[in-house]
Amino acid sequence: MNHSVSLSGQIGRLHLDPVLLNASGPWCTYDEELRPLAASRAGAVVLKSATLEPRHGNPEPRVSCDREAGTSINAVGLANLGYEGHAEQLARLKAEHPDKPFVASLAGLQPEHFAVMARRLGPVADALEINLSCPNIAGKPQLAFDPEASRRVLAEVRSVTTCDLWVKLPPFQDDRLVEQMAGILLETGVQAAVCINSPSGLDLDLETETTAIHPRGGMGGTGGRDVLRVALWNVRQFSLCLGEKVAVIGCGGIESGADVLKHVLCGASAVQVGTTYLMEGPAVFARLEAELAELLQKKGVAQLGVKRGALRVLEAAPEGAWTQNQIRWKDGR
Ligand code: RRO
């Protein structure tokens, strides 16, 4: 480990060191998955989204990974222990890892379920991630696409717990809708926006001409390499709208230390890793930490935080130099 570079940061009351976390979803439901994660270099542990009752989720195969393409697709359907099960699990794991922050994730199937779960989990978790963006529940629109319902849920949750609140958002594609949601986050006093949950997508096998997963007609939430630029757009837009009052946690397409730095330059205070954690397991956090520290050292930077939001917009060429649709080729040819 490179001790000359600091990769720590602060989100609300939580000190994260390093600011590299798992994304809720892969390998974070059962004690046997969470124990090695808690023992890893992850700066905090995020649990699978909980519902009021335990759920088996959708029929399998419901997760597919393509190592070569660096992508995943899932339609897990909120398989989890139920919020009571996760509350008991948190107490067990926190006793074993008193110095590791634990974040419980909540996904109400009805809007009123969020506050019920927050009341129980708030006192035992270090932060609550409010999942307004599960893409895989048949017949249930994502709450985050209903601004008034989102405002009500967040205000209600805020009123029942003093715990730090993070809000897991879907990918937005429109500036005005980002502004509207950012206004709701500022108004309801949450500590962080997590950008982004899985964009809806479809993967298939050309040889067999079948979908990569079974549930929901083969459609689900996509993750990995494809998602990086969509995530960066959301991180940048939300961090510009939220300013210093609400932190942004970047999530999407992180495979390397360089990808972490991209999220941070766009405004992320911390990042979550989903597909690459799914593929590599808990050892991914030590790898990303080493790569990021080496990259920063090469740049002569001692503290990751100085790069937060430091992205500069490319300057326009002088008007006289404009040609027709001149293209910049990244390979320089
Ligand atoms: O369980 C899932 O199918 C799931 C959830 Br709750 C989520 O928030 N995001 C995702 O890609 N899958």
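How each quantity is defined
Counting starts from 1 at the beginning of each chain's written sequence and moves along it residue by residue. Two thresholds apply to this predicted model, a pLDDT of at least 70 for residue-level local features and 80 or more for giving and counting side-chain atom pairs, whereas whole-chain, interface and lining totals are computed over all residues. Hydrogens and waters are ignored; side-chain quantities use all the structure's heavy atoms. When accessible area is computed with a 1.4 Å probe and restricted to protein chains, residues below 20% of their type maximum are described as buried, those above 50% as exposed, and intermediate ones as partly exposed. Only DSSP runs of H or I with at least four residues qualify as helices, and only runs of E with at least two residues qualify as strands; both kinds are numbered from the N terminus onward. Whether two strands pair comes down to DSSP finding at least two bridges between them. Buried Ala, Val, Leu, Ile, Met, Phe, Trp, Tyr and Cys residues that are joined via side-chain atoms within 4.5 Å together make up what is termed a nonpolar core. Only heavy atoms enter the contact rule, under which two residues are in contact if any of them lie within 4.5 Å. Here an axis means a line fitted to C-alpha atoms, over the contact stretch when the element is a helix, while the angle between two N-to-C directions is reported on a 0 to 180 degree scale. Throughout this description, any angle smaller than 35 degrees is read as roughly parallel, any larger than 145 degrees as roughly antiparallel, any in the 65 to 115 degree range as roughly perpendicular, and the remainder as oblique. Take the far helix as your reference; a near helix turned counterclockwise from it by less than a right angle gives a left-handed crossing, and one turned clockwise gives a right-handed crossing. Any residue that is not Ala, Val, Leu, Ile, Met, Phe, Trp, Tyr, Cys, Pro, Asp, Glu, Lys or Arg is counted as polar, Gly included; the first ten are nonpolar and the last four charged. When we say a residue is near a molecule or strand, we mean one of its heavy atoms is within 4 Å of it.

Peer 1: What am I meant to see in the pairing of strand E15 (residues 247-251) here?
Peer 2: Successive side chains on a regular strand alternate, one facing one side of the sheet and the next facing the other. Taken across its five residues, E15 has five buried, putting it largely inside the fold. Every second residue of E15 is oriented toward a common face, with Ala-247, Ile-249 and Cys-251 on one face and Val-248 and Gly-250 on the other, all of them buried. Judged from the four bridges that link them, strand E10 (residues 192-195) and E15 form a sheet pairing that is parallel. Within the sheet, the bridge partner assigned to Cys-195 lies in E15 and is Gly-250. Both E15 and strand E16 (residues 270-273) contribute to a ladder of three bridges, which runs parallel. If you follow Cys-251 over to E16, its bridge partner there is Gln-272.

Peer 1: Help me understand the nonpolar core in this model?
Peer 2: Most often, soluble globular proteins keep nonpolar side chains buried together rather than apart. Membership of the largest hydrophobic core comes to 89 residues, with the highest contact counts inside it found for Leu-128, Ile-130, Leu-132, Trp-166, Leu-169, Leu-185 and Phe-238. Setting aside chain neighbours within four positions, we find Leu-169 in contact with Ser-133, Met-181, Leu-185, Ala-193, Val-194, Cys-195, Ile-196, Asn-197 and Phe-238.

Peer 1: Even after reading the chapter, I still don't get unusual backbone geometry, so can you show me in this structure?
Peer 2: Both trends apply: most residues other than glycine have a negative phi, and most peptide bonds are in trans. Across the junction of Asp-17 and Pro-18, the peptide omega takes the value 5°, indicating a cis bond. Cis geometry is found at the peptide bond from Glu-60 to Pro-61, where omega equals 0°. By secondary structure assignment, the location of Pro-61 is in the loop between strand E4 (45-50) and strand E5 (63-66). Of note, the phi angle at Trp-27 is positive, near 45°, even though the residue is not glycine. In this fold, Trp-27 is placed in the loop between strand E3 (20-22) and helix H1 (31-38). Residue classification places Trp-27 among the partly exposed positions, given a relative accessible area of 40%. Residue Arg-216 is not a glycine yet carries a positive backbone phi of 55°. Tracing the backbone shows Arg-216 in the loop between strand E13 (210-211) and strand E14 (219-224).

Peer 1: What am I meant to see in the packing of helix H5 (residues 175-188) against helix H6 (residues 228-242) here?
Peer 2: When two helices pack together, you describe them by how their axes are tilted relative to each other and by the distance separating the axes. At a closest axis distance of 9 Å, the pairing of H5 and H6 adopts a crossing angle of 50°. Relative to H6, the element H5 is oriented oblique. Helix-helix and strand crossings are classified by hand; for H5 and H6 the assignment is right-handed. For the pair H5 and H6, contact is made by Asp-175, Val-178, Glu-179, Met-181, Ala-182, Leu-185 and Leu-186 and by Trp-233, Gln-237, Phe-238, Cys-241 and Leu-242, respectively. Tallied by class, the residues present in the contact of H5 with H6 amount to nine nonpolar, one polar and two charged.

Peer 1: Looking at this structure, I do not really get the site of the ligand. What am I missing?
Peer 2: Taken together, Lys-48, Asn-74, Ala-75, Val-76, Gly-77, Leu-78, Asn-131, Cys-134, Pro-135, Asn-136, Asn-197 and Ser-198 make up all the residues around the ligand. Considered class by class, the residues forming the shell around the ligand number five nonpolar, six polar and one charged.

Peer 1: Just checking my understanding: could you explain the sheet that holds E14 for this structure?
Peer 2: Pairing between the strands of a sheet is mediated by backbone hydrogen bonds and can be parallel or antiparallel. With antiparallel pairing, the four strands of this open sheet are ordered in space as E5-E6-E14-E11. What marks the edges here is a single partner per strand, and that holds for E5 and strand E11 (200-202). Recorded for the sheet is a direction-independent mean angle of 40° between the axes of neighbouring strands. With four bridges joining them, strand E6 (residues 71-74) and E14 adopt antiparallel strand pairing. Bridge pairing links Ile-73 to Thr-222 in E14.

Peer 1: I tried to follow the environment of Phe-172 on my own but got confused; where do I start?
Peer 2: Within the secondary structure, Phe-172 is located in the loop between strand E9 (164-169) and H5. Separated by 88 residues in the primary sequence, Phe-172 and Val-260 have C-alpha atoms spaced 20 Å apart. Dropping the residues within four chain positions of it, Phe-172 is found in contact with Ala-144, Phe-145, Leu-177, Val-178, Met-181, Trp-233, Asn-234 and Phe-238.

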